[in-house]
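Notes for the structure review
Here is how the chains run, residue by residue.
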Amino acid sequence: MPHSFEAILENLPQGIVLLDSANTVTAFSSRTLDILGLPDGALRRGMNIDGLPGTADCRAAACSRLTIGRQNTSQFALPDGRMISLTCAPSREGSWILSYEDISAHIRVEHNLTEQHHRFDAALSNMPHGLCMFDSEKKLILCNASYARMYDLPDFLTQPGTPLVDILAYRSRQGNGPADTATYFDVVFEATARGAPASQNIALSDGRIIKITHNPMQNGGYVATHEDVTRTVRLAEELRHHHDQLEITVQSRTAEVERQARELERMLSQERNINELQRQFVAMASHEFRTPLAIIDAAAQRLLRKGGAVEPEFLNDKVEQIRASVSRIVDLMESVLSDGRLDTGRIVISYDECALGALIRTCCERQSAISKTHGFVLDIDGLPEFIDADPRSLGQVFTNLLSNAVKYAPGRSEIRVAAWEETGNVMVAISDDGVGIDAEDVPRLFQRYFRARTSTGIAGTGIGLNLVKQIVELHQGSIEVRSARGRGSTFTVTLPIKRASGVSVRNDVA
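These lines cover the structure that appears in this document, whether it is placed above or below. (Residues numbered from 1 in each chain as written. Predicted model: local features only at pLDDT ≥ 70, side-chain atom pairs only at ≥ 80, totals over all residues. Heavy atoms only, no water.)

1. Observations concerning the overall build of the protein
Summing up its helical and strand segments, the protein has twelve helices and 17 strands in all. A buried classification covers 37% of the 510 residues belonging to the protein. Across the protein, the fraction of contacts at a sequence separation of at least 24, relative to all contacts at a separation of at least 6, is 53%. Counting every atom, the protein has about 29500 Å² of accessible surface; 53% of that belongs to carbon and sulfur. (Helix = DSSP H or I, 4+ residues; strand = E, 2+ residues; numbered from the N terminus. Buried < 20%, exposed > 50% of the residue type's maximum accessible area, 1.4 Å probe, protein only. Contact = heavy atoms within 4.5 Å. Areas by Shrake-Rupley, 256 points an atom, 1.4 Å probe, with all protein chains shown as cover.)

Below is the structure:
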């Protein structure tokens, strides 16, 4: 039995010393010497414990009756730096059991844990983002100072065990709760379903934007970080806005450049057309002016050769030739000047009460005086007494149309003029039985400087009908032509009786 007791002592991890009531050693384990760093023989039966390290506390305990039945634990350091824990356990008989344990490793672990705990606390306290941890019942486990500051939480709401609903209710009262509580926990469900962190931006009632990242834990709880991303989101929105504005500006500038390029191309094309038209006009005009001037010159020479003996009939004939040629030159000049005024936008339509019937009769009488080979048949009694129009410019229209009717109907004696009223408009039709116009030439007839093939050998510049069309359209009217080669032509002018309100009286766009 004693051998069994000694075997038990030797197999214990602690160093054991047994004392009697007189504080003398009755038994001990060799492990005690190893723990205390004592040499063999330093501990023996019958010795007093005064020579053992750390026994002062044990003796003090033994001298106190309060320690009877209670064990006492103390710690002391050995010269080599190790920390030893000594437990003194009294018995009812007054004996003691001393238990020595080397706790140096345990002390180091505790120290390391304490250091790590301090570092963890410092890291949490200095995190710029809010951090919180909740258990599976959504009760707070811990949170850092940034989380409390972010939502202005009082101390009692940052204690472990605080329900999340209490925190949210307080934030709602403070005006910094989530603006949309219905979607606030969507990220929690997403993170749980994925088994991985999930993030979402939450708009708060105070206007801030908080990025919340949830990381689920195996026990059903979660760790969440709260980051104020208001400035980042606003900057991103501004950047998107600036980007959109830049795209709009680029598109606008691109469209403007394309428009300017098209306008430049149009102007270049127009310039080429004008140059070509001017070349054609110069060629035609030089011919047209040369013919009446040649007639005037020939008539003047005949009169000179006659000297003083000039028969009245001969004189009248030459004077009529000269007057007709001058009239032709005047008409040519007026057409050119009117065409130029239309091009520069400076022709003025002066609306007034225009007696259209009287105007047409005057134009016919003037043309009859010039062209004695033709007669004019008028059917214009159906016209109203007055229309809103510019008599001067309309006189130019009908003079041109009557002159053309005479010019392109050589050998024919009758020019017919009919006019009537129709649904708020007046219609004036001028017909001849002359050379007519080829069907393929009709669509181009009102183009400037264009002359139909049937006009070959007949004087003209190609300006007149273009001028007529523009003046009629400035009156908000229209002109049409019906013609066939060898069967004459009919030009029909349509004009409103009353000028429409808001119609400009100036040709601002040529």
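2. Details of the environment of Leu36
By secondary structure assignment, the location of Leu36 is in helix H2 (residues 30-36). Accessibility expressed as a relative area gives 6% for Leu36, which makes it buried. In this structure the C-alpha to C-alpha distance between Leu36 and Tyr100, which are 64 residues apart in sequence, comes to 8.0 Å. Aside from chain neighbours lying at most four places away, what touches Leu36 is Pro53, Phe76, Leu78, Arg82, Ile84 and Tyr100.

3. Looking at the sheet that holds strand E5 (residues 96-102)
Overall, antiparallel pairing links the five strands, which are arranged E2-E1-E5-E4-E3 in an open sheet. Strands at the two margins of the open sheet, each flanked by one partner only, are strand E2 (25-28) and strand E3 (72-77). Taken over all neighbouring pairs, the strand axes of this sheet differ in orientation by 20° on average, direction set aside. For E3 and strand E4 (residues 83-90), the ladder comprises six bridges, and the chain directions are antiparallel. Bridging across to E4, Ser74 finds its partner in Leu86. (Pairing = 2+ DSSP bridges. Axes fitted to C-alpha atoms, helices over the stretch in contact; angles between N-to-C directions.)

4. Considering helix H12 (residues 464-474)
The element H12 is extensively covered by neighbouring structure, given that nine of its eleven residues are classed as buried. Burial in H12 covers these residues: Gly464, Leu465, Asn466, Leu467, Val468, Gln470, Ile471, Val472 and Leu474. Phi turns positive one or two residues past the end of H12, at Gln476, with a value near 65°.

5. Details of the packing of aromatic side chains
Working definition: an aromatic ring pair is given by the centre-to-centre distance plus the angle between the planes. Summed over the entire model, instances satisfying the criterion amount to four aromatic pairs. With a centroid separation of 6.5 Å and 85° between ring planes, the pair formed by Phe76 and Tyr100 is classed as edge-to-face. Of the two residues, Phe76 sits in strand E3 while Tyr100 sits in strand E5, which places them 24 residues apart along the sequence. In this structure Tyr100 comes out as buried when scored by relative accessible area, which is 0%. Its end group placed over the ring of Phe185, Lys138 keeps NZ or CZ at 5.9 Å from the ring centre. (Phe/Tyr/Trp six-rings, centres within 6.5 Å; stacked < 30°, edge-to-face > 60°. Lys NZ or Arg CZ within 6 Å of the ring centre and 35° of its normal.)

6. Notes on the pattern of salt bridges
Counted according to the given criterion, the structure contains 14 salt bridges. Notably, a salt bridge pairs Asp390 with Arg392, separated by 3.9 Å at the nearest N-O pair. Here Arg485 ties to Asp438 by a salt bridge, and the two come within 2.5 Å at their closest N and O atoms. One end of the pair, Arg485, is in the loop between strand E16 (478-483) and strand E17 (489-496); the other, Asp438, is in the loop between strand E15 (425-432) and H12, with 47 residues separating them in the sequence. Among the charged side chains, a salt-bridge network with shared partners connects Asp80, Arg82 and Asp102. (Salt bridge = Lys/Arg side-chain N within 4 Å of Asp/Glu carboxyl O.)

7. Looking at empty space enclosed by the protein
In this approach the atoms are scanned with a rolling probe the size of a water molecule, which exposes any empty space left behind. Tallied over the full model, the rule gives one cavity of 30 Å³ or more. The computed volume of the largest cavity comes to approximately 60 Å³. Lining of the largest cavity is provided by Cys132, Phe134, Tyr147, Leu164, Tyr184, Phe185, Ile212, His214, Tyr222, Ala224 and His226. If you list the elements that add at least two residues to the lining of the largest cavity, you get strand E6 (130-134), strand E9 (209-216) and strand E10 (222-228). With three residues, the top contributor of residues to the lining of the largest cavity is E10. Looking at side-chain class alone, the lining of the largest cavity contains nine nonpolar, two polar and no charged residues. (1 Å grid on protein atoms, 1.4 Å probe; cavity = no way out; pocket = protein on both sides within 12 Å on 5 of 7 lines; lining within 4 Å. Points joined across faces, edges and corners; volume = space filled by probe spheres on them. Nonpolar A, V, L, I, M, F, W, Y, C, P; charged D, E, K, R; others polar.)

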